[in-house]
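# Understanding the architecture of this molecule
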Amino acid sequence: NDYWLRVATKVALFAVLASSWNVIAGFCGYPSFGQAAFFGIGAYAAAVAMVQLHWPFVAGLVLAVAIAAGFAALIGLAVLRLRGHYFAIATLGVAEASKQIAANMGFTGGGEGISFPLPPWTPEVTGPMFYYAIGLLLAALLGMLWWILRTRLGYAWRAIRVNEQAAQIVGINTTLYKVIAWALSAAFTGAAGAIYGYWIAFIEPNSVFAVGVTVEMTVVALLGGVGTILGPVLGALVFEVMSELISSQFLDIHGLVLATLFAAIILLLPGGLMRYLRLAMGPRRQRSGSAA
């Protein structure tokens, strides 16, 4: 039904966002607090392309990906030279600056926001279309990560995460590989922002550039397991389903119960759900192998 279709679409959306964050934070070891900047840039790029330039959504989506990736590559040349807390604070500043720019530009609608054109489909078709669109984006991201992690690029990312100085000594251009990771992360985050904006039909700076967007994708990735391909997907599924169930039982204190529950899960399962799922599956595989 429409309710669970919307929940499934949100699961796929935050699986994309958490997987995108996982590229720079999980595989490279650079946790970014500014991913909301690329989410908002993607949403606004698609909106301006469709409203001001009268482009179709697909063209607006391509523009959103290009601008988000280009912006990440440009600022990454400077920001990715920082490490640790300095990098995290710098990325948070990038997100806030992006929000203020969007709120003070005339062609973006300023602080009043901007509305997308209505989709040209019937209401019965619109919901499934957005579900399949974000699902296709998720499949493309997971497939690309599966391939990249088996190439020189993927090995370079993991070398940077383990010991960046050692990676530099053996000849890895760490700045280049980090910029590629952040640009790829931004590209998929921007695409998700474009689809999300078209889905909800109206955006304004405080909604798409919100710090809460970054916080939620970070929690989802940590819950599922950073540095893994399927961890963010599992985390998104668990997070959204539990969020819906808790909101139906604890409407007034939904946020408090959800935050307490996930704080406990992350403390008790520091490696994420994927780590313990693998540990649980390990003995079964060994027993099946010995039986064979």
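Residues numbered from 1 in each chain as written. Predicted model: local features only at pLDDT ≥ 70, side-chain atom pairs only at ≥ 80, totals over all residues. Heavy atoms only, no water.

### Quick word on the overall build of the chain
This is how it is decided: Each helix is a run of H or I in the DSSP string that is no shorter than four residues. Each strand is a run of E no shorter than two, and both are numbered from the N terminus. The globule rule is 2.2 Å times the number of residues to the power 0.38, and the radius of gyration it is compared with is taken over C-alpha atoms. Categorising residues by exposure relies on relative accessible area from a 1.4 Å probe, with only protein chains included: less than 20% of the type maximum marks a residue as buried, more than 50% marks it as exposed, and the intermediate range marks it as partly exposed.
Counting its regular elements, the chain contains 13 helices and two strands. Taking 2.2 N^0.38 as the reference for a compact globule, 292 residues should give roughly 19 Å; the C-alpha atoms of the chain span a radius of gyration of 20 Å, in line with that estimate. C-alpha atoms of the chain, sized along the principal axes, occupy 60 × 50 × 35 Å. Counting all 292 residues of the chain, 46% fall into the buried class.

### Notes on the packing of aromatic side chains
Note the following rule: For Phe, Tyr and Trp, where Trp contributes only its six-membered ring, two rings pair if their centres lie within 6.5 Å, and the inter-plane angle classes them as stacked under 30 degrees, edge-to-face over 60, or tilted in between. The rule is short: NZ of Lys or CZ of Arg within 6 Å of the ring centre and within 35 degrees of the ring normal puts a charge over the ring.
This model, assessed by the stated rule, comprises 14 aromatic pairs. Ring centres 5.1 Å apart and planes at 85° place the aromatic pair Tyr 30 and Phe 87 in the edge-to-face group. Separated by 57 residues along the polypeptide, Tyr 30 in the loop between α1 (2–27) and α2 (35–51) and Phe 87 in helix α4 (residues 84–103) bring together distant segments of the chain. Assessed through its relative accessible area of 1%, Phe 87 is described here as buried. On the numbers, 6.3 Å between centres and 70° between planes, the contact of Tyr 196 with Trp 199 is edge-to-face. One end of the pair, Tyr 196, and the other, Trp 199, are both in helix α8 (residues 174–200), three residues apart, so they sit about a helical turn from each other. Tyr 196 sits in the partly exposed class, given a relative accessible area of 22%. Members of the aromatic cluster, joined through ring pairs, are Tyr 30, Phe 38, Phe 71, Phe 87 and Trp 182. The ring of Trp 199 is capped by Arg 6, whose NZ or CZ atom sits 4.6 Å from the centre of that ring.

### A short note on the nonpolar core
Definition in use: Nonpolar core, defined: a set of buried Ala, Val, Leu, Ile, Met, Phe, Trp, Tyr and Cys residues in which side-chain atoms within 4.5 Å join the residues together. Every residue pair with non-hydrogen atoms within 4.5 Å of one another is taken to be in contact.
Within the largest apolar cluster, 83 residues are counted, with the highest numbers of intra-cluster contacts made by Leu 17, Ile 134, Leu 137, Trp 157 and Ile 203. No other element matches the 14 residues that α1 contributes to this core. The contact partners of Ile 134, leaving out residues within four places of it in the chain, are Thr 9, Ala 12, Leu 13, Val 16, Ala 192 and Ile 195.

### Re the side chain of Glu 244
To keep things clear, this is the line we draw: As used throughout, the charge tally considers Lys and Arg to be positive and Asp and Glu to be negative, leaving His and the chain termini uncounted. The rule for a salt bridge is simple: a side-chain nitrogen of Lys or Arg has to be within 4 Å of a carboxyl oxygen of Asp or Glu.
On the secondary structure map, Glu 244 appears in helix α11 (residues 231–249). With no salt bridge to any partner, buried Glu 244 finds its closest opposite charge in Lys 10, at an N-O distance of 4.9 Å. Residue contacts for Glu 244: discarding those within four places in its chain leaves Tyr 3 and Val 7.

### Overview of the packing of helix α3 (residues 57–79) against α8
The description of two helices packed together rests on the angle between their axes and the distance between the axes. Under the convention used in this document: Under this scheme, a helix contributes an axis fitted over its contacting stretch, all axes are lines through C-alpha atoms, and angles between N-to-C directions fall in the 0 to 180 degree range. Crossings are classed by handedness, with left-handed meaning an anticlockwise turn of the near helix from the far one by less than a right angle and right-handed meaning a clockwise turn. Throughout, the ten residues Ala, Val, Leu, Ile, Met, Phe, Trp, Tyr, Cys and Pro are labelled nonpolar, Asp, Glu, Lys and Arg are labelled charged, and all others, Gly among them, are labelled polar.
It is at 7 Å that the axes of α3 and α8 come closest, and there the two elements cross at 145°. Handedness of the α3/α8 crossing: right-handed. Listed contacts from α8 to Phe 57, Leu 61, Ala 64, Val 65, Ala 68, Ala 69, Ala 72, Ala 73, Ile 75, Gly 76, Leu 77 and Val 79 of α3 are Val 179, Trp 182, Ala 183, Ala 186, Ala 187, Gly 190, Ala 191, Ala 194, Ile 195 and Tyr 198. Here the residues of the contact of α3 with α8 are counted per class, giving 20 nonpolar, two polar and no charged.

### Regarding the pattern of salt bridges
For the structure shown, the criterion picks out four salt bridges. Where Glu 240 meets Lys 10, a salt bridge forms, and the shortest distance between an N and an O atom there is 3.7 Å. Placement of the pair is Glu 240 in helix α11 and Lys 10 in helix α1, with a sequence separation of 230 residues. Given a relative accessible area of 2%, Glu 240 falls into the buried group. Here Lys 10 falls in the partly exposed class, since its relative accessible area comes to 28%. Of the charged contacts, one joins Glu 96 and Lys 99 as a salt bridge, the two residues approaching to 3.6 Å between their closest N and O atoms. One end of the pair, Glu 96, and the other, Lys 99, are both in helix α4, three residues apart, so they sit about a helical turn from each other. Assessed through its relative accessible area of 34%, Glu 96 is described here as partly exposed. Overlapping salt bridges, with partners in common, bring together Arg 83, Glu 164 and Lys 178 in one network.

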